[in-house]
Amino acid sequence: MNRRDFTRISAISASALLIPSAIIKAASPSFTSQRPIPSKRNFISESVDTLIAEFKKNVKDEELGWMFENCFPNTLDTTVFYELKDSKPDTYVITGDIDAMWLRDSSAQVNPYLPLCKDDKHLSSMVEGVIRRQTKCILLDPYANAFYKDSNKMSPWKSDKTEMKPGVHERKWELDSLCYCIRLAYQYWRITGNTAQFDEDWHKAIALVVDTMKDQQRKNDKGKYHFQRTTVTQSDTQTGEGYGNPVKANGMICSAFRNSDDATTYLYNIPENLFAVTALRQLVEMIKATSHRDDLVVTCRNLADEVEKATLQNGIVDNAQFRKMYAYECDSLGHYKLMEDAGIPGLITIPYLGYGTLEDEVYKNSRKFSLSNANPYFYQAKNVEGIGSQHLAYKGEMIWHMGIISRAITSTDNTEIKHCINMLKATHAGTGFMHEGFKGNNPKNFTRHWFAWANSFFGEMIWKVYREKRELL
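Given the structure is predicted, the values throughout are model-derived calculations rather than measurements. (Residues numbered from 1 in each chain as written. Predicted model: local features only at pLDDT ≥ 70, side-chain atom pairs only at ≥ 80, totals over all residues. Heavy atoms only, no water.)

Student: Which residues make up the overall build of the protein, and what values do they have?
Tutor: A count of helices and strands for the protein gives 16 helices and 16 strands. The C-alpha extent of the protein, read off along each of the three principal axes, is 65 × 60 × 45 Å. Each of the 473 residues in the protein was classed as buried or not, and the buried ones make up 61%. Pairs at least 24 residues apart make up 68% of the contacts formed inside the protein by residues separated by at least 6 positions. Surface summary for the protein: the accessible area is close to 18,400 Å², and the carbon and sulfur share equals 50%. Charge-centre separation for the protein: the mean point of 59 positive side chains lies 2 Å from the mean point of 58 negative side chains. (Helix = DSSP H or I, 4+ residues; strand = E, 2+ residues; numbered from the N terminus. Buried < 20%, exposed > 50% of the residue type's maximum accessible area, 1.4 Å probe, protein only. Contact = heavy atoms within 4.5 Å. Areas by Shrake-Rupley, 256 points an atom, 1.4 Å probe, with all protein chains shown as cover. Lys, Arg positive; Asp, Glu negative; His and termini not counted. Charge placed at Lys NZ, Arg CZ, Asp CG, Glu CD.)

Dropping the structure here:
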């Protein structure tokens, strides 16, 4: 099944939600860890456990320490399946309540642990295994977004009108999926210096990644990819016989689906294309350091420059209220989609993923738009506000924890960061974990009780604040 079919609503005692955090803490002198007992944890890292102990010792906010203890290791505790195959690490990572490995999610889920990998060889081996597993997935199908551990398993979506293969859970072409794999490999390499994962298969996979991106520039035809699904949910399929709405080739890369697994309206997604620019330039560094493929270096460099130029020429609009800002999508035929989605990449997380800076004027204007009522997916309630997603629009106004975390991790304003942390504390519904979407006036009405990416991202943000602005905790 896909994410939407796994969406579930969990009921939590209303009294644990409507009472302010300070009163809850006074009534509950201790917060019981929600982690599995050690013998039931999928993967144990001493450095992660040491970091949690340090955080709880030095942060006076007991509730925040409890949330960090639950969320930061959640990926390791519950979603990582690590083993050695032919003496090489292999790591399959599920998203949580869905037994499938998304390229994007698995990269983001282990990202917070990368700084610890330099001195934690066991943890480093686990992440190397993720990169190796992603390499296998890309070689199986570079257009697919999610895969099974069992390469022979057939998906319940096997009837989708696209080229479905055994081992593929879902075949939604999302440009950011490949970019996330590059980002993980690059950051891991820069931190650890390990190059064992850059073997012949990895180089084949990277060449396939570049070919796929070039194919989806659609300069001469509609490209190799098409997708249709028999469904009543419009955002779960594509128009135009599976190729999407028309575009005018301009050098940007088409993406049939967004990071939320929802169909793009216009195939040129601006945050994903800027993410691709960064990823391609990271590829240049890795290829130069690990092979003699000068031709591929040139191809990646030229492609990055071409995509960047085209995106900046076609993806920026002059808005009457916010001035020059990024659109979310465009088609180079005069149509633009002005919105922001809580998923990553989005407008707010463009610098977080490595493109540009927080001080760039176009970015700042885009951020203001995203956090305003001009964004159709920005929702406000009595004591909380945040960005949602079309992905849950059928459930009404659902604020996403990831949207609040994105806002905090990209903010330089202490008041804003503190506000975001307080909103996260007030909306975990007494569970100590992050969720997908929740109702602003009733956080007990939420989706996905086990969503490891959101938990990891919360841990990453809080650890960043702990290192840089501890006084806010």
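Student: If you had to explain the sheet that holds strand 7 (residues 268-269) to someone new, which residues and values would you point to?
Tutor: Strand order in the open sheet formed by three strands is 7-10-11, with antiparallel pairing between adjacent strands. Of all the strands in the sheet, just strand 7 and strand 11 (336-337) have a single pairing partner and so form its edges. Of the strand pairs in this sheet, strand 7 and strand 10 (residues 329-330) are connected by two bridges, and their pairing is antiparallel. Its bridge partner lying in strand 10, Asn269 is registered against Glu329. (Pairing = 2+ DSSP bridges.)

Student: Would you mind going over the side chain of Ser372 in detail, with residue names and values included?
Tutor: For Ser372, the location among the structural elements is in the loop between helix 13 (361-370) and strand 12 (378-380). Judged by its relative accessible area of 14%, Ser372 falls in the buried class. Sequence-distant contacts of Ser372, that is, excluding residues within four places in its chain, are made with Phe322 and Phe378.

Student: Any chance you could break down the sheet that holds strand 5 (residues 146-147) for me, citing the residues and the numbers?
Tutor: Read across the sheet, three strands follow the order 4-5-6 without closing on themselves; strand pairing throughout is antiparallel. The sheet is open, and its two edges are formed by strand 4 (101-102) and strand 6 (168-170), each paired on a single side. Sheet analysis places strand 5 next to strand 6, joined by two bridges and oriented antiparallel. Counterpart to Phe147 in the pairing with strand 6 is Val168.

Student: I'd like a description of the pairing of strand 16 (residues 442-447), backed by residues and values.
Tutor: Two elements, strand 15 (residues 437-439) and strand 16, share two bridges in a ladder whose sense is antiparallel. Within strand 16, the residue paired with Phe438 across the bridge is Phe446. Hairpin remark: strand 15 followed by strand 16, antiparallel, with two residues in the connecting loop.

Honestly, it's all geometry; don't read function into it.
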